[in-house]
Amino acid sequence: MPPVPAGPGPHSGAPDRGPARGPSAAPGQQQAHRQHQAPGAQQAPGRHQAPGQQQAAGRHQGPGGPLFRDEQPEPAPPGVTETVVLRAISDDVPPTPGHGLPPYPGAPVHPAPPQSHRAAGQPPFVPSSHPGQETPVAAQPAPQPEPRKQRGGRNLQAAIGVGVGLGAVIIASLFVVKALFLFVVMAAVAVGSWELTTRLAERKQIKAPLVPLVVGGVAMVACGYWAGVQWAAASLALTGLAVMVWRMAQPPENYLRDITAGVFTAFYVPFLATFVAMMLAADDGPQRIVLFLIVTICSDTGAYAVGYKFGKTKLAPTISPGKTREGLAGGIGLSMLAGAVLMQLIIDGGSWWQGLILGGCAAVTATLGDLGESMIKRDLGIKDMGTLLPGHGGIMDRLDSLLPTAPVVWLLLAAFVGS
């Protein structure tokens with residue numbers, strides 16, 4: 001249906017085309033029209049049209065009048081750019097019917113389907129200004145399953161792999177050439193001293209001298225293996241003096257604090273490890289080391305297994321919330337069983353009842369050693385002493401129960417079967 005033009009007049013929305021020149025236009029009417037038309041009315045479509053409406057009118061009407069629903073828009077004039085949003089190319093997303101905004105006024109609007117009607121696995125769409133050209137949102141990749149972890153956030157597979165590797169190194173060094181295990185102990189002492197002093201410096205600004213600690217620690221282990229406990233004790237005293245002298249090269253502030261930490265490190269790491277070297281020096285030294293390692297490992301394993309399954313009563317909640325009294329009982333029982341069996345089978349002159357005592361004492365000292373290092377780490381505000389061993393932490397995180405157990409096992413073996 002053709003549009004009906006608005007009647008002439010000053011308030012009409014159509015532009016003024018001037019007075020009528022046909023025969024029906026009287027001269028008086030022409031003059032009245034000229035007097036009624038305000039100056040400048042020919043430059044504007046109407047006095048009551050805002051500037052924004054004038055621009056809109058210019059866009060939506062051409063020479064033939066305004067566009068209607070059954071008419072097609074004219075091409076844009078030169079110099080005018082038009083932005084078109086195209087659908088992203090994707091091989092795994094099939095084309096779907098469009099749901100977007102109309103490309104021109106009056107076009108039908110197709111609303112987007114609700115979320116509940118969307119097919120399973122179909123990605124959501126971003127509306128476009130042209131129907132049928134919605135852009136699908138790229139689907140996020142499915143999360144990969146994380147490696148299995150045990151309590152405490154540790155990687156169980158990595159922990160088992162590292163444990164098996166360390167066990168292979170220990171067994172090979174013990175039963176191929178006995179002295180090779182001595183160098184393993186020396187390396188562990190040096191790395192453990194470095195880890196402890198580094199954490200002290202990072203968290204507490206305590207600068208314990210590392211060089212005299214490493215040199216003195218290696219000397220203590222060597223003296224314990226070749227000369228005995230007297231020379232090991234003398235090496236500890238000389239290491240303490242070396243720490244005091246070494247620290248004098250720095251300003252006196254915090255001198256007492258630093259040398260105290262140095263003497264503590266010398267006792268805690270290398271001197272306690274010296275008893276492992278003294279066990280190794282016996283004729284059946286490799287068997288004694290195996291007994292010492294197994295009863296300590298059984299203590300940790302039994303405490304973890306029983307505590308995980310039956311643990312309810314906390315052992316020391318302010319120090320180590322994961323430890324329970326039921327777990328402690330399980331660790332003592334498994335360690336006593338392993339001690340009785342190994343003492344009877346691999347130690348010359350050993351008896352099963354001696355193994356029961358040795359295993360029970362080892363389990364208690366191993367637990368105390370673990371709690372002691374937990375206190376140190378809580379004071380420092382850290383979880384692990386290092387990151388050298390994946391799934392375990394640092395060297396000191398594996399030596400925490402071994403170091404205080406070594407002098408107890410050495411003493412009981414010397415009392416039961418001799419040194």
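All figures in this text were calculated on a predicted structure; none of them were measured in a lab.

Considering the overall build of the protein
Now for step 1: What the protein contains, in helices and strands, is 12 helices and 6 strands.
Now for step 2: When each of the 419 residues of the protein is scored for burial, the buried share is 34%.
Now for step 3: Taking all contacts inside the protein whose residues are at least 6 apart in sequence as the whole, residues at least 24 apart take part in 67%.

What about the pattern of salt bridges?
Now for step 1: Inspection of every chain in the model, using the stated rule, returns 7 salt bridges.
Now for step 2: A salt bridge links Lys 377 to Asp 397, with the shortest nitrogen-to-oxygen separation between them at 3.0 Å. Within this pair, whereas Lys 377 is found in helix α10 (residues 352–380), its partner Asp 397 is found in helix α11 (residues 395–399), the two being separated by 20 residues in sequence. Neither residue differs from the other here; Lys 377 and Asp 397 are each classed as buried.
Now for step 3: Each of Arg 247, Arg 257 and Asp 258 takes part in salt bridges that share partners, so that together they form one network.

Some words on the environment of Ala 316
Now for step 1: Relative to the helices and strands, Ala 316 resides in strand β5 (residues 314–316).
Now for step 2: Counting along the chain gives 55 residues from Ala 316 to Leu 371, while the straight-line C-alpha distance between them is 8.3 Å.
Now for step 3: Contacts of Ala 316, omitting those with residues within four sequence positions, involve Pro 321, Lys 323 and Leu 371.

What to know about the packing of aromatic side chains
Now for step 1: Per the counting criterion, the structure on display carries 7 aromatic pairs.
Now for step 2: Relative to Trp 226, the ring of Tyr 225 lies with its centre 5.0 Å away and its plane at 85 degrees, an arrangement referred to as edge-to-face.
Now for step 3: According to the relative accessible area criterion, Trp 226 is exposed, its value standing at 61%.
Now for step 4: Geometrically, the ring pair formed by Phe 264 and Tyr 268 is stacked, given 5.4 Å between the ring centres and 10 degrees between the ring planes. One end of the pair is Phe 264 and the other is Tyr 268, both in helix α7 (residues 255–280) and 4 residues apart, which spans about a single turn.

Digging into helix α4 (residues 179–204)
Now for step 1: Between the first and last C-alpha of α4 there are 38 Å, a value that for 26 residues agrees with the 38 Å anticipated at 1.5 Å per step.
Now for step 2: Positive phi appears at Gln 205, one or two residues downstream of α4, with a value of about 55 degrees.

Comments concerning the nonpolar core
Now for step 1: If you look at the biggest cluster of nonpolar residues, it comprises 58 residues, and the most contacted ones within it are Val 276, Met 279, Ile 289, Leu 291 and Phe 292.
Now for step 2: Considering each element in turn, this core owes the most residues, 14 residues, to α7.
Now for step 3: Excluding residues within four positions of it along the chain, Phe 292 makes contact with Val 276, Met 279, Leu 402, Thr 405, Ala 406 and Val 409.

Procedures and definitions
- Residues numbered from 1 in each chain as written.
- Predicted model: local features only at pLDDT ≥ 70, side-chain atom pairs only at ≥ 80, totals over all residues.
- Heavy atoms only, no water.
- Helix = DSSP H or I, 4+ residues; strand = E, 2+ residues; numbered from the N terminus.
- Buried < 20%, exposed > 50% of the residue type's maximum accessible area, 1.4 Å probe, protein only.
- Contact = heavy atoms within 4.5 Å.
- Salt bridge = Lys/Arg side-chain N within 4 Å of Asp/Glu carboxyl O.
- Phe/Tyr/Trp six-rings, centres within 6.5 Å; stacked < 30°, edge-to-face > 60°.
- Expected span 1.5 Å × (residues − 1).
- Core = buried A, V, L, I, M, F, W, Y, C linked by side-chain atoms within 4.5 Å.

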